[in-house]
Amino acid sequence: AQSVTQLGSHVSVSEGALVLLRCNYSSSVPPYLFWYVQYPNQGLQLLLKYTSAATLVKGINGFEAEFKKSETSFHLTKPSAHMSDAAEYFCAVSDRSGGSNYKLTFGKGTLLTVNP
Amino acid sequence: DTEVTQTPKHLVMGMTNKKSLKCEQHMGHRAMYWYKQKAKKPPELMFVYSYEKLSINESVPSRFSPECPNSSLLNLHLHALQPEDSALYLCASSGEQGVGYFGPGTRLLVL
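Starting from 1, residues in each chain are numbered consecutively following that chain's sequence as written. Think of it this way: whatever chain is written first is A, whatever ligand is written first is 1, and the rest follow in order. In keeping with the predicted nature of the model, local features appear solely for residues at pLDDT of at least 70, side-chain atom pairs appear and are counted solely at 80 or more, and the whole-chain, interface and lining totals rest on all residues. Only heavy atoms go into the side-chain values, all of them from the structure, while hydrogens and water stay out.

A. Highlighting the overall build of chain A. Comment: elements are numbered from the N terminus, with helices defined as DSSP H or I runs of at least four residues and strands as E runs of at least two. Summing up its helical and strand segments, chain A has zero helices and 11 strands in all. Helices and strands appear in chain A in the N-to-C order β-β-β-β-β-β-β-β-β-β-β. Relative to a compact globule of 116 residues, whose C-alpha radius of gyration would be 13 Å, chain A shows 14 Å and is just as compact. Throughout this description, buried means an accessible area under 20% of the type-specific maximum (1.4 Å probe, protein chains only), exposed means over 50%, and partly exposed covers the range between. With 116 residues in all, chain A has 46% of them scored as buried. To measure how exposed things are, a 1.4 Å probe is used in the Shrake-Rupley method; for residues, cover is taken only from the protein chains shown. A total of about 5,500 Å² of accessible surface is found on chain A, and carbon and sulfur atoms cover 52% of it. Counting rule applied: Lys, Arg positive; Asp, Glu negative; His and chain ends not counted. All charge positions are set by atom: Lys at NZ, Arg at CZ, Asp at CG, Glu at CD. For chain A, the distance from the average site of its 9 positive side-chain charges to the average site of its 7 negative ones is 8 Å. Only C-alpha atoms enter the radius of gyration; for comparison, a globular chain is expected to reach 2.2 Å times N to the power 0.38, where N is the number of residues.

B. Region of the structure containing the interface of chain B and chain A. Residues count as neighbours in contact if any of their non-hydrogen atoms are within 4.5 Å of one another. In this assembly, 29 residues from chain B lie in contact with 22 residues from chain A. A 1.4 Å probe defines the accessible area here, and the buried area is the portion of it lost by two parts on being joined, summed over both. For the pair chain B and chain A, the summed buried area comes to about 1,900 Å², and 55% of that belongs to carbon and sulfur atoms. Just to be clear on terms, a salt bridge is a Lys or Arg side-chain nitrogen sitting within 4 Å of an Asp or Glu carboxyl oxygen. The tally of links between chain B and chain A comes to one salt bridge. Lys-103 of chain A is the partner of Glu-58 of chain B in a salt bridge, and the nearest nitrogen-oxygen pair spans 2.6 Å. Pairing of N or O atoms within 3.5 Å defines a polar contact, subject to two protein rules: one partner must be a possible hydrogen donor and the other a possible acceptor, and residues neighboring in sequence count only if both atoms are side-chain atoms. At the surface where chain B touches chain A, the tally comes to four residue pairs in polar contact (both at pLDDT 80 or more).

C. Just the state of the cysteines, in detail. Note on disulfides: each one is a pair of cysteine sulfur atoms within 2.5 Å. For the coordinates displayed, the defined rule picks out two disulfides over all chains. The disulfide that involves Cys-23 of chain A links it to Cys-91 of chain A, with 2.0 Å between the sulfurs. Across the S-S bond of Cys-23 of chain A and Cys-91 of chain A the torsion is about -65 degrees, and the bridge reads as left-handed. Of this pair, Cys-23 of chain A sits in strand S3 (residues 19-26) while Cys-91 of chain A is found in strand S9 (residues 87-98), placing the two residues 68 residues apart along the sequence. Across the pair, exposure class does not vary: Cys-23 of chain A and Cys-91 of chain A are buried alike. Sulfur-sulfur distance for the disulfide between Cys-23 of chain B and Cys-91 of chain B comes to 1.8 Å. Residues Cys-23 of chain B and Cys-91 of chain B are joined by a disulfide whose S-S torsion is about -70 degrees; by sign, that bridge is left-handed.

What follows is the structure, given as structure tokens:
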């Protein structure tokens, strides 16, 4: 079974500082990996995805993530935090269940707060 | 268009009521999902429909009844819910390589 572990349930940074949210995965086959963001009282928005093409993936809102097979990691970064980045972030791995089904398994989430 | 829509946005119901949640996507995705999300927790998978057929039921109580009338629509029928069923219910659809597109959710409160 595939799984993801997000290190740190809460990360706090200052505005303009580097954002680093950590995600490690466990998978017996090459995984599909995703980062989602959830703002309060909203659904999940896809930030970026890794689907076995380039290992450095660029997403929306200035975020990027690097797939490192040797470290089984897919950490999310942003060079300079903005107040609007404050939200819950979920790392997820996709398990192809069969046919066109893809079962997403989520990490527990990391709450990012940005201080002025 | 990568939009999944859900109605209603909010729903309050008593334990004897019957209500339905609705979800729609027009991305041509053939897999659609219902997730349940409690506060400060990740989404938990409830049901998966593939080509309008139920393919995964994650041991969800029968008071939740999914329905997929066609490839664009997904419903979740609710009956005799319990207060602990109060949560955010998210609909999603997936295209290639498991990319899940989520709707905004329905926030359900069971009194």
